[in-house]
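Read off the chains here:
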Amino acid sequence: KKAGGVSFVKNQDEAVREASRIFEMAIRGYPVKDILIEDQISIQKEFFLAVTYDSAARSAIVIFSSGGGIDIEELAKTHPDRIVTESFSLRKGFYEFQARNICIAAGIKGKEILDVSANLQRMVQLFMDCDATIVEINPLAVTTSGECCACDAHIDIEDEALYRQRKLEERFGL
């Protein structure tokens, strides 16, 4: 279910009205303190990308879908064929060819394979570098001009590993 914190406006009056509405909200139980204003982009395609740790399999796992911008749990129920997963070893790492193979398995073609897989590769590297429990981009959009844009992202850092993440602690006050 969408939280209602994203709004599209056409002018300053609409922006003020929507900002007031959003500031009065609680999203997932938290009061809204800040609003980020961005240019609206023209989206051609959306993808879901996540990397997390699968405790049952005892390995890291990449989850990728050509159906981005939606609830992945719902997609898993209704269209499991649109989700590609691949486990990998944290010790051995995640290789560029694995990212490309995931994109190919999801039906991506041409130059888009290189662009999307590069984003996937960087996301997995972030997961490993930051001791994350999950890194998710939903959606990763491909614009009508062919650029990739992470429209929304989420990262959780392992609490027990925060002592190794001093730069993140200084920058974000973790």
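Residues numbered from 1 in each chain as written. Predicted model: local features only at pLDDT ≥ 70, side-chain atom pairs only at ≥ 80, totals over all residues. Heavy atoms only, no water.

### Observations regarding the packing of aromatic side chains
Under the defined criterion, the tally for this structure stands at three aromatic pairs. When the centroid spacing of 6.0 Å and the interplanar angle of 15° are considered together, the rings of Tyr 95 and Phe 97 count as stacked. By relative accessible area, Phe 97 is classed as exposed at 52%. (Phe/Tyr/Trp six-rings, centres within 6.5 Å; stacked < 30°, edge-to-face > 60°. Buried < 20%, exposed > 50% of the residue type's maximum accessible area, 1.4 Å probe, protein only.)

### Brief notes about the confidence of the model for the protein chain
Across the protein chain, the average pLDDT comes to 89, with 94% of residues at or above 70. Mean pLDDT across the secondary structure elements of the protein chain bottoms out at helix H5 (residues 166–172), with 71, and peaks at helix H3 (residues 96–105), with 97. (pLDDT = per-residue confidence, 0-100. Helix = DSSP H or I, 4+ residues; strand = E, 2+ residues; numbered from the N terminus.)

### A few points about unusual backbone geometry
Pro 139 follows Asn 138 through a cis peptide bond whose omega is 5°. Examined against the element boundaries, Pro 139 turns out to sit in strand E6 (residues 132–143). Positioned with a positive phi, Arg 28 is a non-glycine residue whose angle comes to about 55°. Note on Arg 28: relative accessible area 74%, which makes it exposed. Although it is not a glycine, Arg 58 adopts a positive phi angle of roughly 55°. Following the sequence through the fold, Arg 58 ends up in the loop between strand E3 (43–54) and strand E4 (59–65).

### Some points on the pattern of salt bridges
One pass over the full model with this rule turns up four salt bridges. Residues Glu 18 and Arg 21 are paired through a salt bridge, measuring 2.9 Å at the closest nitrogen-oxygen approach. Within this pair, Glu 18 and its partner Arg 21 are both found in helix H1 (residues 12–23), separated by three residues, close to a single helical turn. Under the relative-accessibility criterion, Arg 21 is labelled partly exposed at 34%. We note a salt bridge from Arg 100 to Glu 96, for which the minimum N-O separation is 2.6 Å. Highlighted residues: Arg 100 and Glu 96, both in helix H3, separated by four residues, approximately one helical turn. (Salt bridge = Lys/Arg side-chain N within 4 Å of Asp/Glu carboxyl O.)

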